[in-house]
Amino acid sequence: MVDKNTGGKYPAPYAILDCVRFGLKNPSGDDKFKHERESFAKLADTNESAALIGIFDGMTSLKKHPYGEQTHPVKNVGVIGAGLMGAGIAQISAEKGYEVVLKDRDNASIGRGIEYATDNWKKKR
């Protein structure tokens, strides 16, 4: 399963399995924690770790934009798709005070999205 998901290109899943095996074989004492710390330190110094950190940093920097100050306030939000993600986005947007228009392929789908958001609001009360 690990090979299928990682293509064998990431050392961390194998190190995690090794740590779990070691912990199960050595349930008492602090040796299992020392083994985990040492495994983590080795992983942190790999090329894969550096590459993944670079990807994370790059994606984070892309989220920052040079658009300047907002020229007019946003009052309305349109969400296309009333599934789990769309309904959640619509819910949070409504909670923040935006007028929300929820669109989907049919009224039944929109109804399920509204029901999802409504049920979440009931749970918060």
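The structure this text deals with has already been given above.
Predicted model only: the values in this text are computed from it and were never measured.

What to know about the overall build of the protein
Next, step 1: A tally of helices and strands in the protein yields six helices and two strands.
Next, step 2: Ordered by position from the N terminus, the helices and strands of the protein form the series α-α-α-α-β-α-β-α.
Next, step 3: Taken against the 2.2 N^0.38 rule, which gives 14 Å for 125 residues, the C-alpha radius of gyration of the protein at 23 Å runs more than 25% over that of a compact globule.
Next, step 4: With the C-alpha coordinates of the protein rotated into their principal frame, the extents come out at 55 × 40 × 30 Å.
Next, step 5: Counting only residues that meet the buried cut, the protein has 19% of its 125 residues in that class.
Next, step 6: If you take every contact in the protein between residues at least 6 apart in sequence, the share linking residues at least 24 apart comes to 34%.
Next, step 7: On the protein, roughly 10,300 Å² of surface is accessible, and the fraction owed to carbon and sulfur atoms is 59%.
Next, step 8: Computed over 19 positive and 16 negative side-chain charges, the separation of the two mean positions in the protein equals 4 Å.

Some remarks on the pairing of strand β1 (residues 76-80)
Next, step 1: Here β1 shows one buried face, formed by Val77 and Val79, and one open face, formed by Asn76, Gly78 and Ile80.
Next, step 2: As judged from the five bridges shared by β1 and strand β2 (residues 99-103), these two strands associate in the parallel manner. Each residue of the ladder has a partner; that of Asn76, found in β2, is Glu99.
Next, step 3: On the question of chirality, the crossover connecting β1 to the parallel β2 by way of helix α5 (residues 84-95) is right-handed.

Here's the deal with helix α2 (residues 12-25)
Next, step 1: For α2, which comprises 14 residues, the first-to-last C-alpha distance of 20 Å matches the rise-based estimate of 20 Å (1.5 Å per residue) to within 8%.
Next, step 2: Among all positions of α2, only Ala15, Cys19 and Gly23 are buried. Taken down its axis, α2 places every buried residue within 75 degrees of arc, on the same side. Residues Leu24 and Lys25 are exposed on α2 and point more than 90 degrees away from its buried face.

Some remarks on the environment of Lys64
Next, step 1: Along the chain, Lys64 falls in the loop between α4 (47-62) and β1.
Next, step 2: Counting along the chain gives ten residues from Lys64 to Gly54, while the straight-line C-alpha distance between them is 16 Å.

What to know about the side chain of Thr6
Next, step 1: Checked against the element boundaries, Thr6 lands in helix α1 (residues 2-6).
Next, step 2: A distance of 3.0 Å separates a polar side-chain atom of Thr6 from the backbone nitrogen of Gly8.
Next, step 3: Not counting residues up to four positions away in its chain, the partners in contact with Thr6 are Pro13 and Tyr14.

Some details on helix α3 (residues 31-44)
Next, step 1: With 14 residues, α3 extends 20 Å from end C-alpha to end C-alpha; this agrees with the ideal 20 Å at 1.5 Å per step.
Next, step 2: By the burial criterion, the buried members of α3 are Lys32, His35, Ser39 and Leu43. Angularly, the buried residues of α3 cover 70 degrees about the axis, an arc narrow enough to put them on a single face. Among the exposed residues of α3, those pointing more than 90 degrees away from its buried face are Arg37 and Phe40.
Next, step 3: In the core, the buried residues of α3 are packed alongside α2 and α4.

Analysis parameters
- Residues numbered from 1 in each chain as written.
- Predicted model: local features only at pLDDT ≥ 70, side-chain atom pairs only at ≥ 80, totals over all residues.
- Heavy atoms only, no water.
- Helix = DSSP H or I, 4+ residues; strand = E, 2+ residues; numbered from the N terminus.
- Rg over C-alpha atoms; globule rule 2.2 N^0.38 Å.
- Buried < 20%, exposed > 50% of the residue type's maximum accessible area, 1.4 Å probe, protein only.
- Contact = heavy atoms within 4.5 Å.
- Areas by Shrake-Rupley, 256 points an atom, 1.4 Å probe, with all protein chains shown as cover.
- Lys, Arg positive; Asp, Glu negative; His and termini not counted.
- Charge placed at Lys NZ, Arg CZ, Asp CG, Glu CD.
- Pairing = 2+ DSSP bridges.
- Right-handed = clockwise from strand over helix to strand, strands pointing away.
- Expected span 1.5 Å × (residues − 1).
- Arc of directions from axis to C-beta.
- Polar contact = N/O pair within 3.5 Å; in protein donor to acceptor, adjacent residues only side chain to side chain.

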